[in-house]
Structure formats: structure tokens, C-alpha cells
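Commentary on secondary and tertiary structure
Next come the chains, spelled out residue by residue.
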Amino acid sequence: MPRLVARLKGDDLIIITADHGNDPTTPSTDHSREAVPVLVLGPRVRAVALGERATFADLGATVAEYFGVPPLAAGRSFLEAVWA
């Protein structure tokens, strides 16, 4: 991770997450009710606790805002919360 962060420049933004969480109370590894982790990195990213988001679609909304795409039908961007 330190080597990756060292290569980031200017407005670079990396969002690391998982595609699903796992319910630790079931034997299955299929998609389940558990939340997924989100790690946001970049020179302009400030350390903030995003808390538990309402939907995974917030990631898509954040990426859309970062690239200047009009707001998506679902999700709320958290770019303003992390972008310095």
C-alpha cells in the first residue's frame, strides 16, 4: 500500500472496496447482509469516517461525481466529505 500511495499525484483518487460482505453467522460465502469496507486514497483525500452508507450505490455516485458525470439514479456521493 505505501508504494501505491507514493505513486499518486495531484487529483488521483483510489477507492478500494469489496463486491459484497459475508454474514459470519451462516456457512455460505454468497452475497449477504454484511456491509463492505471502503478505503479512499489520494493526495487530496482527508481522513474522515464515512460511517455506514445507505447503499453500495454511493460508490458509483462518488465515482460519477469525480469524473464529472451527471448524478446517477441511485446513491449519494461522498466525494465532498473526503476531498480536500
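My aim in this report is to walk through the structure given alongside it, one point at a time. (Residues numbered from 1 in each chain as written. Predicted model: local features only at pLDDT ≥ 70, side-chain atom pairs only at ≥ 80, totals over all residues. Heavy atoms only, no water.)

1. Considering the packing of aromatic side chains
Scanning the model with the defined rule gives 2 aromatic pairs in all. On the basis of an interplanar angle of 80 degrees and a centroid distance of 4.9 Å, the ring pair of Tyr66 and Phe67 is categorised as edge-to-face. Using a relative accessible area of 60% as the deciding quantity, one classes Phe67 as exposed. Both rings, one in Tyr66 and one in Trp83, keep their centres 5.8 Å apart while their planes meet at 80 degrees; by these two values the pair is edge-to-face. (Phe/Tyr/Trp six-rings, centres within 6.5 Å; stacked < 30°, edge-to-face > 60°. Buried < 20%, exposed > 50% of the residue type's maximum accessible area, 1.4 Å probe, protein only.)

2. Observations concerning the layout of surface pockets
There is about 370 Å³ of room inside the largest pocket. Lining the largest pocket are 18 residues, with Ala35, Val36, Arg53, Thr55 and Phe56 sitting closest to its centre. (1 Å grid on protein atoms, 1.4 Å probe; cavity = no way out; pocket = protein on both sides within 12 Å on 5 of 7 lines; lining within 4 Å. Points joined across faces, edges and corners; volume = space filled by probe spheres on them.)

3. Quick notes on the nonpolar core
Ranked by size, the top nonpolar core spans 8 residues in total: Leu13, Val40, Val45, Leu59, Phe78, Leu79, Val82 and Trp83. Setting aside its immediate chain neighbours within four residues, Leu13 contacts Val40, Leu41, Val45, Tyr66, Leu79 and Trp83. (Core = buried A, V, L, I, M, F, W, Y, C linked by side-chain atoms within 4.5 Å. Contact = heavy atoms within 4.5 Å.)

4. Let's talk about the environment of Ala47
With respect to the helices, strands and loops of the structure, Ala47 is situated in the loop between β2 (38-41) and α2 (57-66). Sequence separation of Ala47 and Ala81 is 34 residues, and the distance between their C-alpha atoms is 9.3 Å. (Helix = DSSP H or I, 4+ residues; strand = E, 2+ residues; numbered from the N terminus.)

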